[in-house]
Number of protein chains: 2
Amino acid sequence: MVEDEPAIADLVRLYLTRDGFGVHLERDGAAGLAAARRLRPVACVLDIALPGLAGTEVCRRLREAGDWTPVIFLTARDDEVDRVVGLELGADDYVTKPFSPRELVARVRAVLRRTAGAPATTERPRVVGPVTLDPARRTVTAAGAPVQLTSTEFDLLAHLMARPGRVFTREELLAGVWGYAAHAGTRTVDVHVAQVRAKLGPASVIRTHRGVGYAADA
Amino acid sequence: MVEDEPAIADLVRLYLTRDGFGVHLERDGAAGLAAARRLRPVACVLDIALPGLAGTEVCRRLREAGDWTPVIFLTARDDEVDRVVGLELGADDYVTKPFSPRELVARVRAVLRRTAGAPATTERPRVVGPVTLDPARRTVTAAGAPVQLTSTEFDLLAHLMARPGRVFTREELLAGVWGYAAHAGTRTVDVHVAQVRAKLGPASVIRTHRGVGYAADA
DNA sequence: AGGGGAATGTTCGGATTCGGTAAAGAGCCG
DNA sequence: CGGCTCTTTACCGAATCCGAACATTCCCCT
């Protein structure tokens with residue numbers, strides 16, 4: 001959350017925390033942008049009016065960098081222009097001040113449910129370290145450079161990056177990527193992992209868990 | 001849209017139509033539910049207070065049937081309970097009366113942008129590289145020269161260009177272009193893609209994603 | 001610390017699948 | 001009937017997948 005008024009910040013933090021969310025607070029736009037990139041939160045709550053970088057600008061820069069973390073705006077100005085601009089920017093929702101904390105929590109949950117829901121997550125670009133993966137466009141970039149992956153390679157990487165840190169066994173990957181009717185041997189997974197690693201270069205996001213399987217970095 | 005007050009219904013229909021949306025109106029919940037299932041609209045605007053079946057109930061039944069068509073609620077009661085219930089139900093957004101028609105349109109557009117795989121929604125001409133496509137006039141030009149496409153060919157290109165970069169599987173294209181009851185084989189898509197490419201000439205905007213489907217250049 | 005064994009990385013060519021293309025049949029409408 | 005479009009099919013070249021064999025790394029046991 002990025003909010004410069006302590007009273008509001010405390011209130012929101014209280015309610016979000018009570019609802020089970022971990023909350024990180026920054027007080028100006030630049031710090032918020034840096035924190036969002038560093039901490040990779042599940043969602044951002046941004047005040048539009050912020051000292052320095054405006055909330056809309058923070059959102060725009062995140063989106064430009066391929067970061068589609070859900071963003072919810074707080075705004076005091078209840079006029080349409082802000083609403084339209086906010087949503088057209090790629091934000092996911094907004095709440096106008098004065099707002100009830102309970103409503104904000106409900107909206108955060110609603111946004112998370114939307115983005116965690118089956119098709120939404122698979123359609124949303126994922127970022128792990130220097131690697132970004134866009135399921136809709138089926139494109140991958142490593143350290144900013146586009147990477148050309150074959151269909152199987154892409155699906156494999158997408159599967160791993162869907163849950164960063166989670167370790168998948170070769171059998172799970174065969175079932176999830178190749179499909180249940182797959183007749184390929186488990187060593188085939190190794191070969192494709194190697195191929196993806198080679199194409200990603202030094203930004204190899206895939207970690208081997210000896211005796212278990214593979215995982216994308218968290 | 002399902003709305004029982006004619007004044008509001010007319011207003012909303014006017015603004016949505018002016019923005020390029022086709023609008024179908026029903027006046028009670030049961031009819032709305034049936035229409036949604038029959039017409040498969042890109043989005044539903046539902047009043048919460050409806051004679052017979054309430055809007056929330058319509059939404060719930062749609063969701064239970066696995067229908068995740070975007071739903072936007074209209075509600076007169078601006079209290080939290082409705083908000084929470086509405087969003088937790090699986091709705092995508094809501095607007096409280098009195099609302100401005102422009103805000104409603106903006107929210108509809110925002111919701112459609114969020115939902116993946118949404119078919120063509122904007123009536124404005126689309127430009128991708130040297131190719132321009134005008135949905136209203138159903139005309140296409142490549143490098144300035146007009147191109148004569150058949151109906152199916154146009155719909156196919158329009159569907160791809162509606163979301164440049166987004167990769168569509170052959171099944172998605174069959175569903176979106178040919179219709180939900182299409183019985184054509186997937187290779188039919190290939191043939192039409194080839195036709196469009198031939199007519200567009202060297203400005204072939206359609207890219208093949210081997211093992212997956214097709215996409216328009218971003 | 002060293003050796004054995006297992007798991008993983010790497011390489012490479014045949015086999016398979018996939019998509020482009022052409023052509024022909026089917027349906028539609030004037 | 002004649003032209004147009006859509007659909008299906010067959011064939012071919014090319015991308016890519018699979019698996020085996022070999023090389024390497026890591027773990028565990030003595």
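Residues numbered from 1 in each chain as written. Chains lettered and ligands numbered in written order. Predicted model: local features only at pLDDT ≥ 70, side-chain atom pairs only at ≥ 80, totals over all residues. Heavy atoms only, no water.

S.K.: Please explain the protein's contact with DNA strand C as it appears in this structure.
M.R.: Close to DNA strand C lie 22 residues, the nearest being A:Arg197, A:Gly211, A:Tyr214, B:Arg197 and B:Tyr214. In DNA strand C, atoms within 4 Å of the protein come 53% from sugar and phosphate. Within the side chain of B:Arg170, one N or O atom sits 3.2 Å away from a sugar or linking oxygen of DNA strand C. In this structure, B:Thr208 approaches DNA strand C through a side-chain N or O atom, which is 2.7 Å from a phosphate oxygen. Elements with a minimum of two residues in the surface near DNA strand C: α9 (187–200) and β9 (206–209) of chain A together with α8 (187–200) of chain B. Examining the composition of the surface near DNA strand C, we find that five residues originate from one element, α9(A), more than from any other. Of the residues that constitute the surface near DNA strand C, the class distribution is seven nonpolar, five polar and ten charged. (Near = heavy atom within 4 Å. Polar contact = N/O pair within 3.5 Å; in protein donor to acceptor, adjacent residues only side chain to side chain. Helix = DSSP H or I, 4+ residues; strand = E, 2+ residues; numbered from the N terminus. Nonpolar A, V, L, I, M, F, W, Y, C, P; charged D, E, K, R; others polar.)

S.K.: So what exactly am I meant to see when it comes to helix α1 (residues 6–18) of chain B here?
M.R.: For an α-helix, 3.6 residues make a turn, and residues three or four places apart therefore share a direction. Residues and elements named next belong to chain B. End to end, α1 covers 18 Å across 13 residues, agreeing with the expected 18 Å (1.5 Å per residue, within 8%). Looking at α1, one finds that the buried residues are Ile 8, Ala 9, Val 12 and Leu 16. Each buried residue of α1 lies within a common arc of 100° when the element is viewed along its axis, so the set occupies one face. In α1, those exposed residues whose orientation departs by more than 90 degrees from the buried face are Ala 7 and Arg 18. Note on α1: the residue one or two positions beyond its end, Gly 20, has a positive phi of about 100°. (Expected span 1.5 Å × (residues − 1). Buried < 20%, exposed > 50% of the residue type's maximum accessible area, 1.4 Å probe, protein only. Arc of directions from axis to C-beta.)

S.K.: I'm lost on helix α7 (residues 151–162) of chain A in this one. Help?
M.R.: The terminal C-alpha atoms of α7(A), which comprises twelve residues, lie 16 Å apart, in line with the 16 Å expected from a rise of 1.5 Å per residue. Within α7(A), the full set of buried residues consists of A:Ser151, A:Glu153, A:Phe154, A:Leu156, A:Leu157, A:Ala158, A:Leu160 and A:Met161.

S.K.: Is there a simple way to explain the pattern of salt bridges in this structure?
M.R.: Once the charged atoms of two side chains with opposite charge are near each other, the side chains can pair. All names here are of chain A. Following the criterion strictly, the structure yields 13 salt bridges over all chains and no others. For Arg 187, the salt bridge is made with Asp 190, and the minimal N-O distance between the two is 3.2 Å. Here the residue Arg 187 and the residue Asp 190 both occupy positions in helix α9, the gap between them amounting to three residues, near one helical turn. Where Asp 217 meets Arg 207, a salt bridge forms, and the shortest distance between an N and an O atom there is 2.9 Å. (Salt bridge = Lys/Arg side-chain N within 4 Å of Asp/Glu carboxyl O.)

S.K.: Please explain unusual backbone geometry as it appears in this structure.
M.R.: A negative phi holds for most residues other than glycine; trans holds for most peptide bonds. Here A:Ala143, not a glycine, exhibits a phi torsion of approximately 55°, which is positive. Locating A:Ala143 in the fold gives a position in the loop between β6 (139–142) and β7 (145–147).

S.K.: Help me understand the sheet that holds strand β8 (residues 168–169) of chain A in this model?
M.R.: Pairing between the strands of a sheet comes from backbone hydrogen bonds, and it takes one of two forms, parallel or antiparallel. All names here are of chain A. Strand order in the open sheet made by the three strands is β8-β10-β9, with antiparallel pairing throughout. The sheet is open, and its two edges are formed by β8 and β9, each paired on a single side. Running over the sheet, α9 touches β9 and β10 (213–216) and is turned about 145° from β9. (Pairing = 2+ DSSP bridges. Contact = heavy atoms within 4.5 Å. Axes fitted to C-alpha atoms, helices over the stretch in contact; angles between N-to-C directions.)

S.K.: Teacher, can you tell me more about the sheet that holds strand β4 (residues 126–128) of chain B here?
M.R.: Residues and elements named next belong to chain B. Read across the open sheet, the four strands follow the order β4-β5-β6-β7; overall the sheet is antiparallel. Edge positions in the sheet fall to β4 and β7 (145–147), since each has one partner strand and no second. Pairs of neighbouring strands in the sheet enclose a mean axial angle of 25°, with direction left out of account. Running at roughly 105° to strand β5 (residues 131–134), helix α6 (residues 151–162) makes contact with β4, β5 and β6 (139–142) of the sheet.

S.K.: Where do I start with the packing of α7(A) against helix α8 (residues 170–178) of chain A in this structure?
M.R.: Helix packing geometry: the angle between the two helix axes and the distance between the axes. All names here are of chain A. Between α7 and α8, the least distance of the axes is 10 Å, while the angle of their chain directions is 120°. One finds that α7 runs oblique with respect to α8. α7 and α8 meet at a crossing whose hand is right-handed. Taking contact as the criterion, the partners of Thr 152, Asp 155, Leu 156, His 159 and Leu 160 in α7 are, on α8, Leu 173, Gly 176, Val 177 and Trp 178. Split into classes, the residues belonging to the contact of α7 with α8 amount to five nonpolar, three polar and one charged. (Parallel < 35°, antiparallel > 145°, perpendicular 65-115°, else oblique. Left-handed = near helix turned anticlockwise from the far one by under 90°.)

S.K.: Mind showing me how you'd approach the protein's contact with DNA strand D here?
M.R.: Close to DNA strand D lie 23 residues; A:Gly185, B:Thr150, B:Thr152, B:Trp178 and B:Gly185 are nearest. Among the atoms of DNA strand D close to the protein, meaning within 4 Å, 83% are from sugar or phosphate groups. A:His183 places a main-chain nitrogen or oxygen 3.3 Å from a phosphate oxygen of DNA strand D. With respect to DNA strand D, the side chain of B:Thr150 contributes an N or O atom lying 2.8 Å from a phosphate oxygen. Of all the elements in the fold, those that place two or more residues in the surface near DNA strand D are α7 and α9 of chain A together with α6 and α8 of chain B. Top element by residues in the surface near DNA strand D is α8(B). It accounts for four residues.

S.K.: Teacher, can you tell me more about the packing of helix α7 (residues 170–178) of chain B against α8(B) here?
M.R.: All names here are of chain B. Where α7 contacts α8, the axes come no closer than 9 Å and their chain directions differ by 75°. By the criterion of interaxial angle, the relationship of α7 to α8 is roughly perpendicular. When α7 is examined against α8, the residues Arg 170, Leu 173, Leu 174 and Trp 178 are found in contact with a partner set consisting of Thr 188, Val 189, Asp 190 and His 192.

S.K.: Would you take a moment to explain the side chain of A:Arg126 for this structure?
M.R.: Relative to the helices and strands, A:Arg126 resides in strand β4 (residues 126–128). Of the polar contacts made by the side chain of A:Arg126, one reaches the backbone oxygen of A:Ala158; its length is 2.7 Å.

S.K.: Just checking my understanding: could you explain the environment of B:Asp28 for this structure?
M.R.: Residues and elements named next belong to chain B. If you trace the backbone, Asp 28 turns up in the loop between α1 and α2 (29–39). Asp 28 gets classed as partly exposed once you look at its relative accessible area, which sits at 30%. Residues Asp 28 and Met 1, spaced 27 residues apart in sequence, show a C-alpha to C-alpha distance of 10.0 Å. Those residues in contact with Asp 28 that lie beyond four places of it in its chain are Val 2 and Pro 51.

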